[in-house]
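Tertiary structure, described
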Amino acid sequence: MTQFYLPNAQATHELGKKLGRSLPANSVLLLQGNLGAGKTTFVQGLAAGLEYF
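Residues numbered from 1 in each chain as written. Predicted model: local features only at pLDDT ≥ 70, side-chain atom pairs only at ≥ 80, totals over all residues. Heavy atoms only, no water.

Some remarks on unusual backbone geometry
Phi angles above zero are rare outside glycine, and N26 is one such case at about 65 degrees. Take N26: it is sitting in the loop between helix 1 (9-22) and helix 2 (39-49). (Helix = DSSP H or I, 4+ residues; strand = E, 2+ residues; numbered from the N terminus.)

Focus on the packing of helix 1 against helix 2
Their axes nearest at 6 Å, the elements helix 1 and helix 2 cross at an angle of 40 degrees. Crossing of helix 1 against helix 2: the hand is right-handed. The segment helix 1 lies against helix 2, with A9, T12, H13, L15, G16, K17, L19, G20 and R21 engaging T41, F42, Q44, G45, L46, A48 and G49. Of the residues that constitute the contact of helix 1 with helix 2, the class distribution is 6 nonpolar, 8 polar and 2 charged. (Axes fitted to C-alpha atoms, helices over the stretch in contact; angles between N-to-C directions. Left-handed = near helix turned anticlockwise from the far one by under 90°. Contact = heavy atoms within 4.5 Å. Nonpolar A, V, L, I, M, F, W, Y, C, P; charged D, E, K, R; others polar.)

With respect to helix 2
Along helix 2, the residues classified as buried are F42, G45, L46, A47 and G49. The elements touched by buried residues of helix 2 are helix 1. The positive-phi residue at the C-terminal boundary of helix 2 is E51, with phi of around 65 degrees. (Buried < 20%, exposed > 50% of the residue type's maximum accessible area, 1.4 Å probe, protein only.)

Let's talk about a nonpolar patch on the surface
A cluster of nonpolar side chains, namely L29, L31 and V43, defines an oily patch on the protein surface of about 220 Å² accessible area. Relative to the assigned elements, L29 resides in the loop between helix 1 and helix 2. (Patch = residues over 30% accessible without salt bridge, like charges linked within 9 Å, V, L, I, M, F, W, Y side chains within 5 Å. Areas by Shrake-Rupley, 256 points an atom, 1.4 Å probe, with all protein chains shown as cover. Salt bridge = Lys/Arg side-chain N within 4 Å of Asp/Glu carboxyl O.)

Overview of the environment of G45
The residue G45 is located in helix 2 in this model. In the structure, G45 is positioned 18 residues away from S27 in sequence and 16 Å away in space, judged by C-alpha atoms. For G45, the residues in contact, after removing those within four places along its chain, are H13, G16 and K17.

Put into structure tokens, the structure is as follows:
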């Protein structure tokens, strides 16, 4: 398990974006965290990195 402690939503979004650019095909991610932990912000960045929107 890998944990990241990021200072703000922008950093969370950017991490998702960077991962989306380099993620191999057929990858599976499990996101776990409390309400407000940044999961949605991370996935929005991930989708941007994958160029889904």
